[in-house]
Structure formats: structure tokens, C-alpha cells
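# Chains, contacts and geometry: an overview
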Amino acid sequence: MKLAYIFLGPMAFFLLAGCSCVLSTSNGDLLTFVGCAVREFTFLAKKPGCRGLRITTDACWGRCETWEKPILEPPYIEAHHRVCTYNETRQVTVKLPNCAPGVDPFYTYPVAVRCDCGACSTASTECETL
């Protein structure tokens, strides 16, 4: 049986380390929340040759329903795996401080506009199965 694992590269940081929430729920509600929503998140943008810059942005956060069931014919399993993913984004570019000469000081990152439970899309997410 294959299990789906999602590796989101830079987006994983947005999804896993969220800070104050745009959802109007308490922390207890977030533990049981099933769905996908835009959530405020702060991270440190950095690249070699520049100082880091703390950025607050919007990212996708949530849990989506998923299931697997055995079937009698190959591949012997029917799977329905949805992930919380970006439905709509916009790009924002900032200038990092104190960059060394010859280093491009600009850093571009995605901002979530709308998030949904959906199939893993390689356009915005690194999808991998083991």
C-alpha cells in the first residue's frame, strides 16, 4: 500500500509553522478544525549574502479529509487524498537588507489569496509518494 507524503519545500514552512490565525477560532478549535483556510504567518526571508528580513504574510493551513479502501483488482486500493493547497496566490517582492556587493537583494514569495482542499498540484507544491 502506498502512502502519500507531501513535501512543500518553502511552502511547508508556511503550512507548518503558522503564527496568529486569520480564522476566528480558538486554539482548541484549531486542533479539531477540518478544512483549509488562509492563515497569517510570519517567517524569516533570507538568502546567502544578505541579512534576513522578518515577513508576515498569508499562507494555507488546514487538514483535509482523506481515505483509502481495499479493492479486489489492481492496484488493490482506492485512494482519495486531498491536501490543503493554494487555489489562488499573488507574488510579493521585497528587498533584503545589507546584501553583499553583487548579490541580488530581491526576494519573491507567494501570498495566499484563497486556499482549498484539492489534489496535490505540482504547479504550487512539491508532491511525492513513497
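Note: the structure precedes this text.
Residues numbered from 1 in each chain as written. Predicted model: local features only at pLDDT ≥ 70, side-chain atom pairs only at ≥ 80, totals over all residues. Heavy atoms only, no water.

## Thoughts on the overall build of the protein chain
The cut-off we apply is this: Helix and strand definitions follow DSSP, with helices as H or I runs of at least four residues and strands as E runs of at least two, each counted in order from the N terminus. Three labels apply to residues, based on accessible area from a 1.4 Å probe with only protein chains included: buried if under 20% of the type maximum, exposed if over 50%, partly exposed otherwise in between. Note on contacts: a residue pair qualifies if any of its non-hydrogen atoms lie within 4.5 Å across the two residues.
Counting secondary structure elements, the protein chain contains two helices and eight strands. Traced from its N-terminal end to its C-terminal end, the protein chain shows the element sequence β-α-α-β-β-β-β-β-β-β. Every one of the 130 residues in the protein chain was classed for burial, and the buried ones make up 28%. The contacts of the protein chain with a sequence gap of at least 6 include a subset with a gap of at least 24, amounting to 58%.

## Examining the packing of aromatic side chains
Condition: Each pair of aromatic rings taken from Phe, Tyr and Trp, with Trp reduced to its six-membered ring, is defined by centres within 6.5 Å and is described as stacked if the planes are under 30 degrees apart, edge-to-face if over 60, and tilted in the remaining cases. Note on geometry: a ring has a charge over it if NZ (lysine) or CZ (arginine) is within 6 Å of the ring centre and within 35 degrees of the ring normal.
Considering all chains together, one arrives at five aromatic pairs under this definition. Seen from their ring centres, Phe41 and Phe43 are 6.0 Å apart, and the 10° between their planes marks the pair as stacked. By relative accessible area, Phe43 is classed as buried at 5%. Following the ring pairs from residue to residue traces out a cluster consisting of Phe41, Phe43, Tyr107 and Tyr109. Over the ring of Trp61 we find Arg39, and its NZ or CZ is 4.8 Å from the ring centre.

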